[in-house]
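Residue-level structure breakdown
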Number of protein chains: 2
Amino acid sequence: MELQKHSRESVAELLRRHGINPTHQRIEIGYALFQSPQHPSADQILAMVNARHAETSKATVYNTLKLFVEKGMVRELIVDPSKIYYDPNTSVHHHFYDVAAGELADIPAAGVHIEGLPPLPPGMVTEGIDIIVRTRPAR
Amino acid sequence: MELQKHSRESVAELLRRHGINPTHQRIEIGYALFQSPQHPSADQILAMVNARHAETSKATVYNTLKLFVEKGMVRELIVDPSKIYYDPNTSVHHHFYDVAAGELADIPAAGVHIEGLPPLPPGMVTEGIDIIVRTRPAR
DNA sequence: GCTTGAATTAGACAAAGTCAAAATTCTAAT
DNA sequence: ATTAGAATTTTGACTTTGTCTAATTCAAGC
Ligand SMILES: [Mn+2]
Ligand SMILES: [Mn+2]
Ligand SMILES: [Zn+2]
Ligand SMILES: [Zn+2]
(Lines give C-alpha, C1' and ligand atoms only; values in the text may rest on other atoms or scores of the structure.)
(Ligands and ions follow the chains in the order given, each with its own letter.)
Protein backbone atom coordinates (compact mmCIF):
# COMPACT_ATOMS: atom_id res chain seq x y z
CA MET A 1 0.00 0.00 0.00
CA GLU A 2 0.99 3.65 0.20
CA LEU A 3 1.85 3.80 -3.46
CA GLN A 4 0.69 7.41 -3.56
CA LYS A 5 1.12 10.16 -1.04
CA HIS A 6 -2.52 11.05 -1.43
CA SER A 7 -5.38 8.70 -2.09
CA ARG A 8 -8.88 9.92 -2.72
CA GLU A 9 -9.71 8.70 0.77
CA SER A 10 -6.96 10.75 2.37
CA VAL A 11 -8.09 13.80 0.42
CA ALA A 12 -11.64 13.27 1.73
CA GLU A 13 -10.23 13.11 5.24
CA LEU A 14 -8.27 16.33 4.66
CA LEU A 15 -11.44 18.04 3.47
CA ARG A 16 -13.30 16.91 6.60
CA ARG A 17 -10.51 18.20 8.80
CA HIS A 18 -10.92 21.60 7.16
CA GLY A 19 -14.66 21.60 7.67
CA ILE A 20 -15.46 20.94 4.03
CA ASN A 21 -18.13 18.45 3.06
CA PRO A 22 -16.27 15.94 0.86
CA THR A 23 -18.39 15.67 -2.26
CA HIS A 24 -17.32 13.78 -5.35
CA GLN A 25 -16.26 16.93 -7.22
CA ARG A 26 -14.39 18.39 -4.29
CA ILE A 27 -12.49 15.16 -3.79
CA GLU A 28 -11.50 15.05 -7.45
CA ILE A 29 -10.36 18.67 -7.37
CA GLY A 30 -8.40 18.16 -4.17
CA TYR A 31 -6.91 14.98 -5.55
CA ALA A 32 -5.78 16.76 -8.71
CA LEU A 33 -4.32 19.56 -6.64
CA PHE A 34 -2.27 17.30 -4.42
CA GLN A 35 -1.09 15.19 -7.34
CA SER A 36 1.97 16.03 -9.32
CA PRO A 37 2.58 19.28 -11.13
CA GLN A 38 3.23 21.37 -8.05
CA HIS A 39 1.40 24.72 -8.21
CA PRO A 40 -1.25 24.23 -10.90
CA SER A 41 -3.55 26.97 -12.15
CA ALA A 42 -7.34 26.71 -12.06
CA ASP A 43 -7.31 25.94 -15.74
CA GLN A 44 -4.87 23.09 -15.34
CA ILE A 45 -6.93 21.65 -12.52
CA LEU A 46 -10.06 21.83 -14.65
CA ALA A 47 -8.23 19.95 -17.38
CA MET A 48 -6.84 17.32 -14.99
CA VAL A 49 -10.18 16.66 -13.37
CA ASN A 50 -11.92 16.19 -16.69
CA ALA A 51 -9.12 14.30 -18.42
CA ARG A 52 -10.73 10.85 -18.34
CA HIS A 53 -14.29 12.02 -18.77
CA ALA A 54 -16.31 15.16 -18.05
CA GLU A 55 -16.69 15.27 -14.34
CA THR A 56 -16.80 18.83 -13.11
CA SER A 57 -17.84 22.19 -14.49
CA LYS A 58 -15.71 25.28 -14.73
CA ALA A 59 -17.87 27.08 -12.14
CA THR A 60 -17.39 24.29 -9.64
CA VAL A 61 -13.63 24.28 -10.07
CA TYR A 62 -13.43 28.03 -9.49
CA ASN A 63 -15.92 27.94 -6.60
CA THR A 64 -14.17 25.01 -4.99
CA LEU A 65 -10.69 26.49 -5.22
CA LYS A 66 -12.01 29.65 -3.60
CA LEU A 67 -13.57 27.53 -0.87
CA PHE A 68 -10.31 25.67 -0.31
CA VAL A 69 -8.46 28.97 0.05
CA GLU A 70 -11.06 30.35 2.51
CA LYS A 71 -10.80 27.23 4.61
CA GLY A 72 -7.03 27.40 4.59
CA MET A 73 -6.53 24.14 2.75
CA VAL A 74 -4.53 25.65 -0.11
CA ARG A 75 -2.75 28.89 -0.77
CA GLU A 76 -3.01 31.24 -3.73
CA LEU A 77 0.20 32.37 -5.39
CA ILE A 78 0.09 35.68 -7.23
CA VAL A 79 3.19 35.70 -9.40
CA ASP A 80 1.89 35.85 -12.94
CA PRO A 81 -0.20 38.71 -14.27
CA SER A 82 -2.59 36.41 -16.07
CA LYS A 83 -3.47 33.59 -13.71
CA ILE A 84 -3.52 32.43 -10.14
CA TYR A 85 -1.46 29.41 -9.12
CA TYR A 86 -2.57 27.19 -6.26
CA ASP A 87 -0.20 25.78 -3.68
CA PRO A 88 -1.27 22.69 -1.74
CA ASN A 89 1.49 23.42 0.76
CA THR A 90 0.13 25.93 3.25
CA SER A 91 3.10 25.95 5.57
CA VAL A 92 5.41 28.94 5.41
CA HIS A 93 7.72 28.78 2.45
CA HIS A 94 8.78 30.87 -0.52
CA HIS A 95 9.21 30.51 -4.27
CA PHE A 96 11.42 30.73 -7.27
CA TYR A 97 9.44 31.81 -10.28
CA ASP A 98 10.85 31.11 -13.72
CA VAL A 99 9.22 33.95 -15.63
CA ALA A 100 10.15 32.47 -18.99
CA ALA A 101 8.61 29.06 -18.39
CA GLY A 102 5.94 30.19 -15.94
CA GLU A 103 7.05 27.61 -13.42
CA LEU A 104 7.27 27.75 -9.67
CA ALA A 105 9.68 25.95 -7.37
CA ASP A 106 9.54 25.86 -3.61
CA ILE A 107 12.05 27.50 -1.31
CA PRO A 108 11.78 25.84 2.11
CA ALA A 109 11.30 28.31 4.94
CA ALA A 110 14.02 26.69 7.01
CA GLY A 111 17.01 28.99 7.17
CA VAL A 112 15.38 31.90 5.37
CA HIS A 113 15.11 35.04 7.44
CA ILE A 114 14.03 38.56 6.62
CA GLU A 115 15.55 41.27 8.76
CA GLY A 116 14.85 44.95 9.10
CA LEU A 117 11.25 45.09 7.92
CA PRO A 118 9.60 48.28 9.14
CA PRO A 119 6.55 48.12 11.43
CA LEU A 120 3.19 47.59 9.77
CA PRO A 121 1.12 50.63 8.92
CA PRO A 122 -1.07 51.40 11.95
CA GLY A 123 -4.28 49.42 12.22
CA MET A 124 -3.02 46.76 9.84
CA VAL A 125 -2.24 43.16 10.50
CA THR A 126 -0.07 40.83 8.47
CA GLU A 127 -1.82 38.29 6.31
CA GLY A 128 1.35 36.77 4.94
CA ILE A 129 4.83 37.55 3.70
CA ASP A 130 5.80 36.36 0.24
CA ILE A 131 9.31 36.21 -1.10
CA ILE A 132 9.39 35.63 -4.83
CA VAL A 133 12.73 35.19 -6.54
CA ARG A 134 12.09 35.83 -10.21
CA THR A 135 14.51 33.95 -12.41
CA ARG A 136 15.13 33.44 -16.09
CA PRO A 137 17.41 31.17 -18.09
CA ALA A 138 20.96 32.53 -18.19
CA ARG A 139 22.12 34.29 -21.39
CA MET B 1 10.05 77.10 -9.80
CA GLU B 2 10.25 73.47 -8.84
CA LEU B 3 6.64 73.30 -7.78
CA GLN B 4 6.45 69.73 -9.02
CA LYS B 5 8.98 66.98 -8.79
CA HIS B 6 8.33 66.11 -12.42
CA SER B 7 7.49 68.49 -15.21
CA ARG B 8 6.61 67.30 -18.68
CA GLU B 9 10.03 68.48 -19.73
CA SER B 10 11.80 66.38 -17.11
CA VAL B 11 9.74 63.36 -18.14
CA ALA B 12 10.80 63.92 -21.75
CA GLU B 13 14.40 64.03 -20.60
CA LEU B 14 13.93 60.79 -18.63
CA LEU B 15 12.49 59.13 -21.72
CA ARG B 16 15.48 60.21 -23.78
CA ARG B 17 17.88 58.89 -21.17
CA HIS B 18 16.15 55.51 -21.50
CA GLY B 19 16.39 55.53 -25.26
CA ILE B 20 12.71 56.23 -25.79
CA ASN B 21 11.57 58.76 -28.36
CA PRO B 22 9.54 61.24 -26.33
CA THR B 23 6.28 61.60 -28.22
CA HIS B 24 3.31 63.53 -26.90
CA GLN B 25 1.47 60.40 -25.73
CA ARG B 26 4.53 58.91 -24.10
CA ILE B 27 5.21 62.09 -22.22
CA GLU B 28 1.63 62.26 -20.98
CA ILE B 29 1.74 58.63 -19.87
CA GLY B 30 5.07 59.08 -18.14
CA TYR B 31 3.86 62.27 -16.53
CA ALA B 32 0.76 60.52 -15.18
CA LEU B 33 2.90 57.68 -13.91
CA PHE B 34 5.29 59.89 -12.00
CA GLN B 35 2.51 62.02 -10.58
CA SER B 36 0.86 61.18 -7.35
CA PRO B 37 -1.06 57.98 -6.68
CA GLN B 38 2.02 55.84 -6.26
CA HIS B 39 1.67 52.51 -8.11
CA PRO B 40 -1.19 53.08 -10.55
CA SER B 41 -2.66 50.38 -12.77
CA ALA B 42 -2.83 50.66 -16.56
CA ASP B 43 -6.50 51.48 -16.25
CA GLN B 44 -5.86 54.31 -13.82
CA ILE B 45 -3.17 55.72 -16.08
CA LEU B 46 -5.54 55.59 -19.05
CA ALA B 47 -8.09 57.53 -17.01
CA MET B 48 -5.56 60.08 -15.78
CA VAL B 49 -4.19 60.75 -19.24
CA ASN B 50 -7.62 61.28 -20.72
CA ALA B 51 -9.11 63.17 -17.79
CA ARG B 52 -9.09 66.64 -19.38
CA HIS B 53 -9.81 65.49 -22.91
CA ALA B 54 -9.30 62.33 -24.97
CA GLU B 55 -5.64 62.16 -25.67
CA THR B 56 -4.47 58.57 -25.87
CA SER B 57 -5.99 55.23 -26.82
CA LYS B 58 -6.09 52.13 -24.68
CA ALA B 59 -3.69 50.29 -26.99
CA THR B 60 -1.13 53.06 -26.74
CA VAL B 61 -1.28 53.07 -22.96
CA TYR B 62 -0.72 49.32 -22.80
CA ASN B 63 1.97 49.36 -25.51
CA THR B 64 3.74 52.27 -23.89
CA LEU B 65 3.75 50.79 -20.41
CA LYS B 66 5.21 47.61 -21.85
CA LEU B 67 7.87 49.69 -23.60
CA PHE B 68 8.70 51.53 -20.39
CA VAL B 69 9.14 48.22 -18.59
CA GLU B 70 11.37 46.82 -21.35
CA LYS B 71 13.54 49.91 -21.23
CA GLY B 72 13.79 49.71 -17.46
CA MET B 73 12.03 52.98 -16.81
CA VAL B 74 9.31 51.52 -14.62
CA ARG B 75 8.72 48.27 -12.80
CA GLU B 76 5.71 45.96 -12.86
CA LEU B 77 4.25 44.84 -9.57
CA ILE B 78 2.36 41.57 -9.57
CA VAL B 79 0.41 41.54 -6.34
CA ASP B 80 -3.21 41.42 -7.38
CA PRO B 81 -4.74 38.64 -9.43
CA SER B 82 -6.68 41.00 -11.62
CA LYS B 83 -4.35 43.79 -12.63
CA ILE B 84 -0.76 44.89 -12.91
CA TYR B 85 0.46 47.86 -10.94
CA TYR B 86 3.29 50.04 -12.23
CA ASP B 87 6.04 51.40 -10.04
CA PRO B 88 7.95 54.48 -11.22
CA ASN B 89 10.63 53.69 -8.64
CA THR B 90 12.98 51.15 -10.18
CA SER B 91 15.50 51.08 -7.37
CA VAL B 92 15.47 48.06 -5.10
CA HIS B 93 12.66 48.23 -2.57
CA HIS B 94 9.73 46.17 -1.33
CA HIS B 95 6.03 46.60 -0.64
CA PHE B 96 3.19 46.40 1.76
CA TYR B 97 0.01 45.37 -0.03
CA ASP B 98 -3.30 46.11 1.62
CA VAL B 99 -5.35 43.34 0.11
CA ALA B 100 -8.63 44.86 1.28
CA ALA B 101 -8.07 48.29 -0.25
CA GLY B 102 -5.85 47.14 -3.10
CA GLU B 103 -3.20 49.68 -2.13
CA LEU B 104 0.57 49.45 -2.18
CA ALA B 105 3.06 51.20 0.07
CA ASP B 106 6.81 51.21 -0.33
CA ILE B 107 9.23 49.51 2.00
CA PRO B 108 12.65 51.13 1.54
CA ALA B 109 15.39 48.63 0.84
CA ALA B 110 17.69 50.19 3.43
CA GLY B 111 18.00 47.84 6.37
CA VAL B 112 16.05 44.97 4.84
CA HIS B 113 18.06 41.81 4.42
CA ILE B 114 17.12 38.33 3.34
CA GLU B 115 19.30 35.57 4.67
CA GLY B 116 19.52 31.91 3.90
CA LEU B 117 18.13 31.83 0.38
CA PRO B 118 19.20 28.65 -1.40
CA PRO B 119 21.29 28.84 -4.59
CA LEU B 120 19.42 29.45 -7.82
CA PRO B 121 18.38 26.45 -9.88
CA PRO B 122 21.24 25.66 -12.27
CA GLY B 123 21.31 27.69 -15.46
CA MET B 124 19.06 30.35 -14.02
CA VAL B 125 19.83 33.95 -13.24
CA THR B 126 17.97 36.26 -10.88
CA GLU B 127 15.74 38.85 -12.43
CA GLY B 128 14.60 40.33 -9.15
CA ILE B 129 13.59 39.51 -5.62
CA ASP B 130 10.23 40.73 -4.41
CA ILE B 131 9.11 40.84 -0.83
CA ILE B 132 5.41 41.47 -0.49
CA VAL B 133 3.94 41.89 2.96
CA ARG B 134 0.23 41.31 2.57
CA THR B 135 -1.78 43.22 5.14
CA ARG B 136 -5.41 43.78 6.02
CA PRO B 137 -7.22 46.05 8.46
CA ALA B 138 -7.12 44.61 12.00
CA ARG B 139 -10.28 42.88 13.28
C1' DG C 1 -41.96 9.01 -2.07
C1' DC C 2 -41.78 14.10 -0.47
C1' DT C 3 -39.31 18.14 1.34
C1' DT C 4 -35.52 20.99 1.96
C1' DG C 5 -30.93 22.81 1.97
C1' DA C 6 -26.56 22.10 -0.18
C1' DA C 7 -24.03 21.58 -4.26
C1' DT C 8 -23.45 21.71 -9.13
C1' DT C 9 -24.23 23.33 -13.72
C1' DA C 10 -24.89 26.07 -18.04
C1' DG C 11 -24.23 29.90 -20.07
C1' DA C 12 -24.17 34.81 -20.16
C1' DC C 13 -21.21 38.29 -18.68
C1' DA C 14 -17.18 41.38 -17.12
C1' DA C 15 -12.44 43.02 -16.81
C1' DA C 16 -7.82 43.15 -18.32
C1' DG C 17 -5.09 42.74 -21.85
C1' DT C 18 -3.64 41.50 -26.87
C1' DC C 19 -3.40 41.88 -31.74
C1' DA C 20 -3.53 43.01 -36.66
C1' DA C 21 -4.65 46.18 -39.97
C1' DA C 22 -5.57 50.91 -41.12
C1' DA C 23 -4.69 55.67 -40.36
C1' DT C 24 -1.81 59.27 -38.80
C1' DT C 25 2.39 61.68 -37.94
C1' DC C 26 7.27 62.35 -38.46
C1' DT C 27 11.67 62.49 -40.98
C1' DA C 28 14.50 63.23 -44.37
C1' DA C 29 15.49 63.06 -48.93
C1' DT C 30 14.62 64.91 -53.50
C1' DA D 1 7.09 71.96 -51.53
C1' DT D 2 6.60 66.84 -52.48
C1' DT D 3 7.08 62.43 -51.44
C1' DA D 4 8.66 57.95 -49.72
C1' DG D 5 9.50 55.30 -45.71
C1' DA D 6 9.59 54.59 -40.94
C1' DA D 7 7.60 55.15 -36.53
C1' DT D 8 3.65 55.75 -33.88
C1' DT D 9 -1.07 55.66 -32.81
C1' DT D 10 -5.74 54.10 -33.31
C1' DT D 11 -9.74 51.18 -33.97
C1' DG D 12 -12.19 47.48 -32.88
C1' DA D 13 -12.31 42.63 -32.78
C1' DC D 14 -10.68 39.09 -30.03
C1' DT D 15 -8.81 36.07 -26.05
C1' DT D 16 -8.24 34.68 -21.39
C1' DT D 17 -9.37 34.41 -16.81
C1' DG D 18 -12.66 34.66 -13.75
C1' DT D 19 -17.58 35.92 -11.96
C1' DC D 20 -22.54 35.69 -11.54
C1' DT D 21 -27.32 34.15 -11.58
C1' DA D 22 -30.87 31.21 -12.28
C1' DA D 23 -32.03 26.57 -13.10
C1' DT D 24 -31.05 21.82 -12.01
C1' DT D 25 -29.51 17.98 -9.43
C1' DC D 26 -28.34 15.63 -5.17
C1' DA D 27 -28.54 13.92 -0.43
C1' DA D 28 -30.72 13.15 3.74
C1' DG D 29 -34.28 12.97 6.85
C1' DC D 30 -38.91 12.25 7.41
MN1 LIG E 1 -4.58 39.72 -17.77
MN1 LIG F 1 -8.48 37.79 -14.04
ZN1 LIG G 1 4.93 26.20 -2.83
ZN1 LIG H 1 7.26 50.91 -4.97
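Described below are features of the structure shown in this document. (Residues numbered from 1 in each chain as written. Chains lettered and ligands numbered in written order. Predicted model: local features only at pLDDT ≥ 70, side-chain atom pairs only at ≥ 80, totals over all residues. Heavy atoms only, no water.)

Before going further, it helps to spend a moment on the overall build of chain A. Tallying secondary structure elements over chain A gives four helices and six strands in all. Counting from the amino terminus, chain A carries its helices and strands in the arrangement α-α-α-α-β-β-β-β-β-β. Taken over the C-alpha atoms alone, chain A extends approximately 50 × 45 × 35 Å along its principal axes. Of all 139 residues assigned to chain A, the portion counted as buried reaches 39%. (Helix = DSSP H or I, 4+ residues; strand = E, 2+ residues; numbered from the N terminus. Buried < 20%, exposed > 50% of the residue type's maximum accessible area, 1.4 Å probe, protein only.)

Another point: the protein's contact with DNA strand D. With respect to spatial proximity, 18 residues lie near DNA strand D, and among them A:Lys58, A:Ser82, B:Thr23, B:Ser57 and B:Thr60 are the closest. Backbone atoms, meaning sugar plus phosphate, form 74% of the atoms of DNA strand D positioned within 4 Å of the protein. In the environment of DNA strand D, a phosphate oxygen lies 3.4 Å from a nitrogen or oxygen atom belonging to the backbone of B:Glu55. Take B:Thr60: an N or O atom from its side chain is 2.9 Å from a phosphate oxygen of DNA strand D. Within the residue set of the surface near DNA strand D, elements represented by two or more residues are α3 (42-49), α4 (58-70) and β2 (83-87) of chain A together with α2 (24-34) and α4 (58-70) of chain B. (Near = heavy atom within 4 Å. Polar contact = N/O pair within 3.5 Å; in protein donor to acceptor, adjacent residues only side chain to side chain.)

Another aspect to go through is the protein's contact with DNA strand C. In the vicinity of DNA strand C, 19 residues are found, and the nearest of them are A:Thr23, A:Gln25, A:Thr60, B:Lys58 and B:Ser82. Each atom of DNA strand C within 4 Å of the protein was assigned to sugar, phosphate or base; sugar and phosphate come to 76%. B:Lys58 places a side-chain nitrogen or oxygen 2.9 Å from a base oxygen of DNA strand C. Here a phosphate oxygen of DNA strand C sits 3.1 Å away from a polar atom, N or O, in the main chain of B:Ile84. Of all elements in the fold, only α2 (24-34) and α4 of chain A together with α3 (42-49), α4 and β2 (83-87) of chain B reach the threshold of two or more residues within the surface near DNA strand C. Here the surface near DNA strand C gets four residues from one element, more than from any other, and that element is α4(B). Of the residues belonging to the surface near DNA strand C, the class tally is five nonpolar, eight polar and six charged. (Nonpolar A, V, L, I, M, F, W, Y, C, P; charged D, E, K, R; others polar.)

Quick look at the environment of A:Leu77 now. Tracing the backbone through its elements, the reader meets A:Leu77 in strand β1 (residues 75-80). In this structure, the C-alpha to C-alpha distance between A:Leu77 and A:Ile132, residues 55 residues apart in sequence, is 9.8 Å.

Right, let's talk about the interface of chain A and chain B for a bit. Facing the 36 residues of chain A at the interface are 36 residues of chain B. By the criterion of area lost to chain B, the three top residues of chain A are A:Ile78, A:Glu127 and A:Arg134, representing 18% of everything that side buries. Counting across the chain A and chain B interface gives four salt bridges. Across the pair B:Arg134 and A:Asp130 runs a salt bridge whose closest N-O atoms are separated by 2.9 Å. For the side of chain A that touches chain B, the elements supplying multiple residues, two or more each, are β1, β3 (93-98), β5 (113-115) and β6 (124-137) of chain A. At 14 residues, the largest contribution of residues to the side of chain A that touches chain B is made by β6(A). Along the lines of polarity and charge, the residues of the side of chain A that touches chain B split into 22 nonpolar, seven polar and seven charged. As paired elements, β5(A) and strand β5 (residues 113-115) of chain B share three bridges and run antiparallel to each other. Within the sheet, the bridge partner assigned to A:Ile114 lies in β5(B) and is B:Ile114. (Contact = heavy atoms within 4.5 Å. Buried area = accessible area lost by both parts, 1.4 Å probe. Salt bridge = Lys/Arg side-chain N within 4 Å of Asp/Glu carboxyl O. Pairing = 2+ DSSP bridges.)

Distances and angles like these do not, on their own, reveal function.
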